[in-house]
Amino acid sequence: MFTHLIATLHTLGMRAGNHVSDQHDLLERARDERGSVTIEQVLWAVAVIGIAAVVITAVTTFVRGKAAEISG
């Protein structure tokens with residue numbers, strides 16, 4: 001009777017320990033990857049700013065060319 005109880009408690013303890021270890025590993029991986037979101041957001045921001053700069057340059061050049069035709 002006591003052998004069965006001891007075996008059950010031992011199994012329960014091992015499963016709880018494994019669960020805690022798995023959760024710890026999961027948190028560690030999440031902590032290791034949390035900076036990647038920030039880097040991705042910065043890269044997207046740089047890309048959008050670059051595209052905006054190209055569009056602004058193209059529109060400015062076009063408008064200045066048309067303005068020169070009007071006054072010239």
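Here, the structure is the one placed above.
Report on the accompanying structure. (Residues numbered from 1 in each chain as written. Predicted model: local features only at pLDDT ≥ 70, side-chain atom pairs only at ≥ 80, totals over all residues. Heavy atoms only, no water.)

## Topic: the overall build of the chain
Moving on, step 1. Helix and strand counts for the chain stand at one helix and zero strands.
Moving on, step 2. Buried residues in the chain amount to 0% of all 72 residues.
Moving on, step 3. A total accessible area of about 6,700 Å² is found for the chain, and carbon and sulfur atoms account for 70% of it. (Helix = DSSP H or I, 4+ residues; strand = E, 2+ residues; numbered from the N terminus. Buried < 20%, exposed > 50% of the residue type's maximum accessible area, 1.4 Å probe, protein only. Areas by Shrake-Rupley, 256 points an atom, 1.4 Å probe, with all protein chains shown as cover.)

## Notes on a nonpolar patch on the surface
Moving on, step 1. On the surface, a cluster of nonpolar side chains totalling about 490 Å² of accessible area is made up of Ile-51, Val-55, Val-59, Phe-62 and Val-63.
Moving on, step 2. Here Ile-51 shows up in helix α1 (residues 2-71). (Patch = residues over 30% accessible without salt bridge, like charges linked within 9 Å, V, L, I, M, F, W, Y side chains within 5 Å. Salt bridge = Lys/Arg side-chain N within 4 Å of Asp/Glu carboxyl O.)

## Remarks on the pattern of salt bridges
Moving on, step 1. Using the criterion set out here, one finds one salt bridge in the structure.
Moving on, step 2. Linking Lys-66 and Glu-69 is a salt bridge whose minimum nitrogen-to-oxygen distance equals 3.9 Å. In this pair, Lys-66 and Glu-69 both sit in helix α1, three residues apart, roughly one turn of the helix.

Remember, this is a structural readout, not a statement about activity or role.
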